[in-house]
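Descriptive structure summary
One letter stands for each residue in the lines below.
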Amino acid sequence: MTGQARFHRGAEACRASRQCRSRRPRAAHPEGRAGSGRGSRHASPGVRRGGFSLLLLNLEEYYFEQHRANHILHKGSHHERKIRGSLKICSKSVIFEPDSISQPIIKIPLRDCIKIGKHGENGANRHFTKAKSGGISLIFSQVYFIKEHNVVAPYKIERGKMEYVFELDVPGKVEDVVETLLQLHRASCLDKLGDQTAMITAILQSRLARTSFDKNRFQNISEKLHMECKAEMVTPLVTNPGHVCITDTNLYFQPLNGYPKPVVQITLQDVRRIYKRRHGLMPLGLEVFCTEDDLCSDIYLKFYEPQDRDDLYFYIATYLEHHVAEHTAESYMLQWQRGHLSNYQYLLHLNNLADRSCNDLSQYPVFPWIIHDYSSSELDLSNPGTFRDLSKPVGALNKERLERLLTRYQEMPEPKFMYGSHYSSPGYVLFYLVRIAPEYMLCLQNGRFDNADRMFNSIAETWKNCLDGATDFKELIPEFYGDDVSFLVNSLKLDLGKRQGGQMVDDVELPPWASSPEDFLQKSKDALESNYVSEHLHEWIDLIFGYKQKGSDAVGAHNVFHPLTYEGGVDLNSIQDPDEKVAMLTQILEFGQTPKQLFVTPHPRRITPKFKSLSQTSSYNASMADSPGEESFEDLTEESKTLAWNNITKLQLHEHYKIHKEAVTGITVSRNGSSVFTTSQDSTLKMFSKESKMLQRSISFSNMALSSCLLLPGDATVITSSWDNNVYFYSIAFGRRQDTLMGHDDAVSKICWHDNRLYSASWDSTVKVWSGVPAEMPGTKRHHFDLLAELEHDVSVDTISLNAASTLLVSGTKEGTVNIWDLTTATLMHQIPCHSGIVCDTAFSPDSRHVLSTGADGCLNVIDVQTGMLISSMTSDEPQRCFVWDGNSVLSGSQSGELLVWDLLGAKISERIQGHTGAVTCIWMNEQCSSIITGGEDRQIIFWKLQY
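Attention here is on the structure that accompanies the text. Predicted model only: the values in this text are computed from it and were never measured.

Calculation rules
- By convention here, each chain's residues receive numbers from 1 onward along its written sequence.
- Whole-chain, interface and lining totals are the exception, using all residues; otherwise, since this is a predicted model, local features are given only for residues with pLDDT of at least 70 and side-chain atom pairs are given and counted only at 80 or more.
- Working from all heavy atoms in the structure, the side-chain values ignore hydrogens and water.
- Only protein atoms enter the 1 Å grid used here, on which a cavity is any set of points holding a 1.4 Å probe that cannot leave and a pocket is any open set flanked by protein within 12 Å on both sides along at least five of seven lines; residues with an atom within 4 Å of a point are listed as lining.
- Grid points are joined across faces, edges and corners, and a volume is the space filled by probe spheres set on the points.
- We treat two strands as partners when DSSP finds at least two bridges between them.
- What counts as a helix is a DSSP run of H or I of at least four residues, what counts as a strand is a run of E of at least two, and both are numbered from the N terminus.
- Orientation is described by axes fitted as lines to C-alpha atoms, over the contacting stretch for helices, and by angles from 0 to 180 degrees between their N-to-C directions.
- Salt bridge, as used here, is a side-chain nitrogen of Lys or Arg placed within 4 Å of a carboxyl oxygen of Asp or Glu.
- Under the scheme applied here, a residue whose accessible area is under 20% of the maximum for its type counts as buried, over 50% as exposed, and between as partly exposed, the area being computed with a 1.4 Å probe on protein chains only.
- To pair, rings of Phe, Tyr and Trp, with the six-membered ring standing in for Trp, must have centres within 6.5 Å; the planes then decide the type, stacked if under 30 degrees apart, edge-to-face if over 60, and tilted in the middle.
- Each ring is checked for a lysine NZ or an arginine CZ that lies within 6 Å of its centre and within 35 degrees of its normal; such an atom marks a charge sitting over the ring.
- In this scheme, roughly parallel covers angles under 35 degrees and roughly antiparallel covers those over 145, while 65 to 115 is roughly perpendicular and the rest are oblique.
- When the near helix sits turned anticlockwise from the far one by under a right angle, the crossing is termed left-handed; a clockwise turn instead gives a right-handed crossing.
- By definition, residues are in contact when any of their heavy atoms lie within 4.5 Å.
- Multiplying 1.5 Å by the helix residue count minus one yields the expected span of that helix.
- Think of it as the arc spanned by the lines of direction from the helix axis to the C-beta atoms.
- Contacts described as polar in this section are N or O atom pairs within 3.5 Å, which, within protein, must combine one atom able to donate a hydrogen with one able to accept it, while residues neighboring in sequence count only if both atoms come from side chains.

Let us now look at empty space enclosed by the protein. A complete count under the given rule lists nine cavities of 30 Å³ or more for this structure. If you add up the space inside the largest cavity, you get close to 60 Å³. Contributing to the lining of the largest cavity are Pro393, Val394, Gly395, Tyr419, Tyr423, Phe473, Glu475, Ile544, Asn559 and Phe561.

What follows is about the sheet that holds strand β31 (residues 827-833). Pairing is antiparallel across the open sheet formed by four strands, whose spatial order is β28-β29-β30-β31. A single partner strand is all that each edge strand has here, and the edge strands are β28 (797-802) and β31. Shown here is a sheet whose adjacent strand axes are inclined to one another by a mean of 20°, direction ignored. One ladder, built from five bridges, connects β28 with strand β29 (residues 808-813); its direction is antiparallel. When the bridges of β29 are listed, Leu802 appears paired with Leu809.

Before going further, it helps to spend a moment on the pattern of salt bridges. A pair can form between side chains of opposite charge whenever their charged atoms are brought close. Within the structure shown, the criterion is met by 30 salt bridges. For Glu97, the salt bridge is made with Lys88, and the minimal N-O distance between the two is 3.4 Å. Under the relative-accessibility criterion, Glu97 is labelled buried at 14%. Residues Arg338 and Asp847 are paired through a salt bridge, measuring 3.4 Å at the closest nitrogen-oxygen approach. Remark: Asp847 occurs in the loop between β32 (839-844) and β33 (850-855) and Arg338 occurs in the loop between α6 (329-337) and α7 (343-353); sequence separation between them is 509 residues.

With that settled, consider the packing of aromatic side chains. Within the structure shown, the criterion is met by 38 aromatic pairs. A centroid spacing of 5.4 Å and a plane angle of 20° characterise the contact between Phe218 and Tyr252, whose relative ring orientation is stacked. Placement of the pair is Phe218 in the loop between α4 (193-209) and β8 (225-235) and Tyr252 in strand β10 (residues 250-255), with a sequence separation of 34 residues. Neither residue differs from the other here; Phe218 and Tyr252 are each classed as buried. For the ring pair Phe701 and Tyr728, a centre distance of 4.8 Å and an interplane angle of 5° mean the geometry is stacked. One end of the pair, Phe701, is in the loop between β19 (694-700) and β20 (706-711); the other, Tyr728, is in strand β22 (residues 726-731), with 27 residues separating them in the sequence. Summarising the burial analysis for this pair, Phe701 and Tyr728 share the class buried. Clustering of aromatic rings is evident, with ring pairs tying together Trp369, Tyr374, Phe431, Tyr432, Phe456, Trp463, Phe480, Phe487, Trp513 and Phe520. Positioned above the aromatic ring of Phe289 is the side chain of Arg273, whose terminal nitrogen or guanidinium carbon lies 4.1 Å from the ring centre.

Orientation of α7 relative to helix α13 (residues 531-544), taken along the N-to-C sense of each, is 15°, at an axis distance of 11 Å. As the angle between them shows, α7 and α13 are arranged roughly parallel. Relative to α13, the crossing made by α7 is right-handed. Residues Asn343, Tyr346, Leu347 and Leu350 of α7 touch α13, and the partners they reach there are Val533, Ser534, Leu537, Trp540 and Ile541.

Taking 1.5 Å per residue as the helical rise, helix α8 (residues 399-411) with its 13 residues ought to reach 18 Å, and the 19 Å between its terminal C-alpha atoms agrees with that figure. All of the buried residues along α8 are Arg401, Leu402, Leu405, Leu406 and Tyr409. What you see down the axis of α8 is that its buried residues fit within an arc of 135°, all on one side. For α8, exposure combined with an orientation more than 90 degrees from the buried face picks out Glu400, Arg404, Gln410 and Glu411. A distance of 3.0 Å separates the backbone nitrogen of Glu400 from a side-chain oxygen at the start of α8, and that oxygen is part of Asn398.

Moving on: unusual backbone geometry. Cis geometry marks the peptide bond from Tyr259 to Pro260; its omega dihedral reads 0°. Of note, the amide linkage connecting Glu414 to Pro415 takes the cis form, showing an omega dihedral of -5°. For Pro415, the position within the fold is in the loop between α8 and α9 (426-433). Positive phi values are uncommon outside glycine, yet Leu237 reaches one of about 70°. Leu237 sits in the buried class, given a relative accessible area of 18%. Even without being a glycine, Leu281 presents a positive backbone phi close to 70°. Tracing the backbone shows Leu281 in the loop between β12 (273-279) and β13 (282-289).

Here you go:
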């Protein structure tokens, strides 16, 4: 299996092996042994193994039925002999597979048949005479001989008028088989391809309608049938019709022809991912994976009706909702950005989401050329010159060639395109994989290999041709960054032809810097995961899956391909002429297809660690020597944070106190943790002693609700915001109001403070930035605050938050819009309408790369700060009123009073913790993340304890 492991896993082998995990043992093997499937080592010597496959059929051909039979040579003469085997009836050919490995498989195209009937009968009365033997006679003008001695090689063709006789083991079936062959022969001889396709489809649908799924194949008698429909199982270049059946525990597919086995079964409990697929440009495909991040799926089904596909998808998706989190491009992006997914894994997930599948060669996963240097003896991954420019498509990498292409593009009538061939197509995929998938190449190219000089002979040669060739713009496939070297080595000893220089095509020639195929793959993987690629991969994603795929951005990026390659480029249903429709579909599938567009705004770049330069390091070390205590304290703080967040699901209610008469709206705590200050809709600011567990002060500034509070550095002053349009400064030392800022025309909803600047949000649709130091001594003279900036909104602002450096501010409005502002210029960077009601809370991640917002709609949204893209959205069944987060996990307070722990990367709720009896309205966490206090509509404050 080593030579064909990777590619065939995409087809049949990996599926078979995986399905064994959840399946009870089958009944005994027909020949008396327990069936061990493909891996059996007990086949008789000289008996064909793995001879026939669906790849021997033409593209878009079906295998209907088989009959045990003898091929009679020299019928009636004293040289007569019989070759034992199976006669297979297909929609465009008859195939005879001998049992003996030394004999070739025989394929007779039905269009080349001159006469079909019972042997020894006159054509006129063949329907009325009962033959004593089960002989079928085929007179034809052309025959193919395939896999003689079980060797994969170009097909041998024999031309001229010939007659073959096949004797069925069951003579009574001859009549039906001859009728079927005559019917299929009529279809093959129709002039128009569209008419041929229509007639064969009608024959197929008639056969499917006369059969149904065999319920005796259920794994358990108590299984409940949910739905059954007709479909085809898809493998590369092949589709196999049959019946799909789904129960409460299993998904089944039963091929009409019983090949390669009577039934394929997937246990729903094993399913991890499902994807809807375009197949043949139509929304008819469904692919099921039982692994989290494998390249190959467990089954790919193509339905005849979109509704059947959608119903089955809905049923499995509903089942999965209770077991597996659904992943979107945005959730994968967040994981990749934060380093939880490798570049390879992320590209695989994007390919999957963009309809790319190993089972569809016209939409095979596409990976980028990464390395530019295939001539050096050493590969230097620290040198940017080693890498290909990822911001340009392959066709734009050579400036001179691009200029020629652009000249042609400008002179071209509409619809214009820059490149006459695509970067991914079935031919290109098999160009790379011919050494492990030779039968696929022979299937695609009518029994022939490509010219030896056009084969995949050398990495450097292929790269050079992609740079210089007039029509070669191909990218790579995932195998170049995998573990299996088989596709680079001619381990099957295939005769792939002789090159002009006289040398035979054998193993792929590697660049000088690779000592072996294993070394080549390892260095390619290292290059893909390198810092340079991590910092630039988003540019390539923009081209292939993102906003530079279509429209004016694609033109500007020199990334325009033939219109037929894009999703929606042609509506097959609008083409009435069946001939034109078949020709159009064939052209599109052979040419290749552009992936489904996943992103319509610039893709954020990856967060890569920035290493200090030598000079920075030395001064950093010097300062460390001066203040070792401070440095170690910072290290401890980081460790404390990590430990706290790792144990956040173990949060336990420690103490609770009812100190207000209405909902608590804000919490702030002195630096030493002894005094807790809270505000409430009851209009009071309270000071609570954590040590004595006593209320120490209660202050009222007006009869209107207070909305938030904060402590100024030094712990001498508390600032509160009020619904009476004012901000109040309260001196703790003097126990009285120290200052009042009358800065708004409506309620002040939230305040922040940093570096002697006050930020106030209001229902008057503004956020104001003030400078000034409050008076040290309370007295008659009020302090003057300078208004530095006014950030105007369209509607009421309900919440604001600053990033760590106070260079950015995020605001949330009552109509569901999140706004990101650059405070250095007081300008709006992004406006994202991402909630359907009020925005309850917002906050930056510690690294300022992302913003999290929660809303009355129950959504948690993650926004990329650089691009303004909504990259993740999770929903709960109730509003999340407030939260704290570390960039990966979220602790939120819900409307029902529960605290919820969210795993953003896993896109799931990890824990629900009972707390308040009404909505959780505010939450405070200390810098070390070790102390948490919440306030609620139940008028309580709760102190929480982390259990390590």
